[in-house]
Amino acid sequence: MGADTSLDADAQAPAFEQEVDASGLTCPLPILRAKKALAQMASGEVLRVITTDRNAIRDFQAFARQTGNALVLQQEDDGRGVHYLRRR
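The structure presented is a predicted model; accordingly, all values stated were derived computationally and were not measured.

How each quantity is defined
- Residues numbered from 1 in each chain as written.
- Predicted model: local features only at pLDDT ≥ 70, side-chain atom pairs only at ≥ 80, totals over all residues.
- Heavy atoms only, no water.
- Helix = DSSP H or I, 4+ residues; strand = E, 2+ residues; numbered from the N terminus.
- Buried < 20%, exposed > 50% of the residue type's maximum accessible area, 1.4 Å probe, protein only.
- Contact = heavy atoms within 4.5 Å.
- Areas by Shrake-Rupley, 256 points an atom, 1.4 Å probe, with all protein chains shown as cover.
- Arc of directions from axis to C-beta.
- Pairing = 2+ DSSP bridges.
- Axes fitted to C-alpha atoms, helices over the stretch in contact; angles between N-to-C directions.
- Parallel < 35°, antiparallel > 145°, perpendicular 65-115°, else oblique.
- Left-handed = near helix turned anticlockwise from the far one by under 90°.
- Nonpolar A, V, L, I, M, F, W, Y, C, P; charged D, E, K, R; others polar.

> Describe the overall build of the chain, listing the residues and the values that go with them.
A tally of helices and strands in the chain yields two helices and four strands. Secondary structure elements of the chain, listed N to C terminal, follow the sequence β-α-β-α-β-β. Per-residue burial for the chain yields a buried fraction of 38% across its 88 residues. Across the chain, the fraction of contacts at a sequence separation of at least 24, relative to all contacts at a separation of at least 6, is 68%. Within the structure as shown, the chain displays about 5200 Å² of accessible surface, and the carbon and sulfur contribution to it stands at 45%.

This is the structure we're talking about:
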């Protein structure tokens, strides 16, 4: 199953069960907060993570590959990234 890592700001965002606002945080804190939140979620649930770190797009792509959680969608708009991860 390939990840849709489209950065289209107009793409339809999936429904999500939990959100982490990591605005203002730099690597590795957004990833660590996402990892902690995902650990408390059920398989198949979606986590939405908001970031302002300019490296977060690549960081979350690598995180998804390494952990097996699906990166459903990434959106970037005006310096803010929104990442949707589906719990494995």
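> An account of helix 1 (residues 29–39) is requested, with residue identities and associated values reported.
For helix 1, the complete set of buried residues consists of P30, I31, A34, A37 and L38. Around the axis of helix 1, the buried residues are gathered within 130° of arc, so they sit on the same side. Set apart from the buried face of helix 1 by more than 90 degrees, the exposed residues are K35, K36 and A39. Against the buried residues of helix 1 lie strand 1 (18–22), strand 2 (46–51), helix 2 (56–67) and strand 4 (80–86).

> Would you mind going over the sheet that holds strand 4 in detail, with residue names and values included?
Sheet strands pair via backbone hydrogen bonds, and the direction of the pair is either parallel or antiparallel. Taken in spatial order, the four strands of this open sheet run 1-2-4-3, and their pairing is mixed. The sheet terminates laterally at strand 1 and strand 3 (70–77), the two strands that pair on one side only. Pairwise comparison of adjacent strand axes, ignoring direction, gives a mean angle of 15° for this sheet. As judged from the five bridges shared by strand 1 and strand 2, these two strands associate in the parallel manner. Counted as the bridge partner of D21 is I50 from strand 2. Packing of helix 1 onto the sheet brings it into contact with strand 1, strand 2 and strand 4, and relative to strand 2 it is tilted by some 160°. In the packing of helix 2 onto the sheet, contacts are made with strand 2, strand 3 and strand 4, and the angle to strand 3 comes to roughly 180°.

> Can you tell me about unusual backbone geometry, naming the residues and giving the values?
In this chain, C27 is followed by P28 through a cis amide linkage whose omega measures 10°. Within the secondary structure, P28 sits in the loop between strand 1 and helix 1. Within the chain, D78 stands out as a residue other than glycine whose phi angle is a positive 55°. Residue position: D78 is located in the loop between strand 3 and strand 4.

> Tell me about the packing of helix 1 against helix 2, residues and numbers included.
For the pair helix 1 and helix 2, the least separation of the axes is 10 Å and the interaxial angle reads 40°. The orientation of helix 1 with respect to helix 2, classified from their angle, is oblique. Pair helix 1 / helix 2 crosses with right-handed handedness. Residues P30, I31, A34, K35 and L38 of helix 1 form the contact with helix 2, whose own contacting residues are D59, F60 and F63. Split by residue class, the contact of helix 1 with helix 2 holds six nonpolar, no polar and two charged.

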